[in-house]
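Notes for the structure review
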Amino acid sequence: MMAAPVNKFIDKKLFLSLINKFDNFLLDCDGVIWKGTVVYKEAASAVRKLKALGKKVFYVTNNSTRSRQQYVKKLHAAGFEAEIDDVVCTAHLTALYLTEKLQFSGKLYLVGTPGLAEELTAAGLRHVGIGPDYPVENRFNVAGFDHFIETTVLEKDLGVFF
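This is a predicted model, so every value here is computed, not measured. (Residues numbered from 1 in each chain as written. Predicted model: local features only at pLDDT ≥ 70, side-chain atom pairs only at ≥ 80, totals over all residues. Heavy atoms only, no water.)

A few words now on the overall build of the chain. Per the secondary structure count, the chain includes 5 helices and 10 strands. Looking at the chain as a whole, 35% of its 162 residues are labelled buried. Restricting the contact set of the chain to residue pairs at least 6 apart, pairs at least 24 apart contribute 62%. Carbon and sulfur atoms form 58% of the exposed surface of the chain, whose accessible area is close to 10,400 Å². (Helix = DSSP H or I, 4+ residues; strand = E, 2+ residues; numbered from the N terminus. Buried < 20%, exposed > 50% of the residue type's maximum accessible area, 1.4 Å probe, protein only. Contact = heavy atoms within 4.5 Å. Areas by Shrake-Rupley, 256 points an atom, 1.4 Å probe, with all protein chains shown as cover.)

Here the focus is the confidence of the model for the chain. Of the residues in the chain, 74% have a pLDDT of 70 or more, and the chain-wide mean is 81. For the chain, strand β10 (residues 153-156) is the element with the lowest average pLDDT, namely 46, and strand β5 (residues 56-61) is the one with the highest, namely 98. The low-confidence segment residues 131-136 (pLDDT under 50) makes 5 contacts with residues lying over four places distant or belonging to another chain. Confidence drops under a pLDDT of 50 for residues 146-162, and excluding neighbours within four residues, the segment shows 28 contacts in the predicted structure. (pLDDT = per-residue confidence, 0-100.)

In this section: helix α2 (residues 43-52). Turning to α2, its buried residues number three or more, namely Ala43, Ala44, Ser45, Val47 and Leu50. Contacts made by the buried residues of α2 are with α1 (12-20), β2 (24-28), β4 (38-40) and β5. Phi turns positive one or two residues past the end of α2, at Gly54, with a value near 85°.

Tracing the backbone through its elements, the reader meets Glu119 in helix α5 (residues 114-122). Separated by 3.2 Å, the side chains of Glu119 and His92 make a polar contact. With residues up to four places along the chain from it excluded, the contact list for Glu119 reads Ser67, Arg68, Gln69, Cys89, Ala91, His92 and Ala95. (Polar contact = N/O pair within 3.5 Å; in protein donor to acceptor, adjacent residues only side chain to side chain.)

Non-glycine residue Glu42 carries a positive phi angle of around 75°. Tracing the backbone shows Glu42 in the loop between β4 and α2. In this model, Gln103 sits at a positive phi of 50°, which is unusual for a non-glycine residue. Looking at where Gln103 falls in the secondary structure, it is placed in the loop between α4 (90-101) and β7 (107-111).

Written as structure tokens, this is what we have:
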């Protein structure tokens, strides 16, 4: 990954004052840590410094195309220290919502990416993609980010879209 230039908006004293007020930091991956394949210069160094100060860093993304494990690999390749529990992504949150909030145990018809499928599988959810298995009763249709569809849809029995 290439390095992007650093923009300096605050001075060191103000920065340290801000850092000392918080124990946890949520860093958006796309647009804050990197943009596409370009890693922002000094971002990995800043994260290491936060961790050296005893701060907890979470990498957050609303991109459901990758699983947490895939994000950990991308973070490592870009020079960031990261464990799977440091990554908060919509693919994993979708699986948690279905299993913990809705206690869903049926079969899912998935229209999405391999990253979303990986998180559903890791959560113990059975799913099929577009293919020989047709939607059945007691099911959810889950659609994640798709390069041809510009929305995320979670639908129960064809009744609710959001």
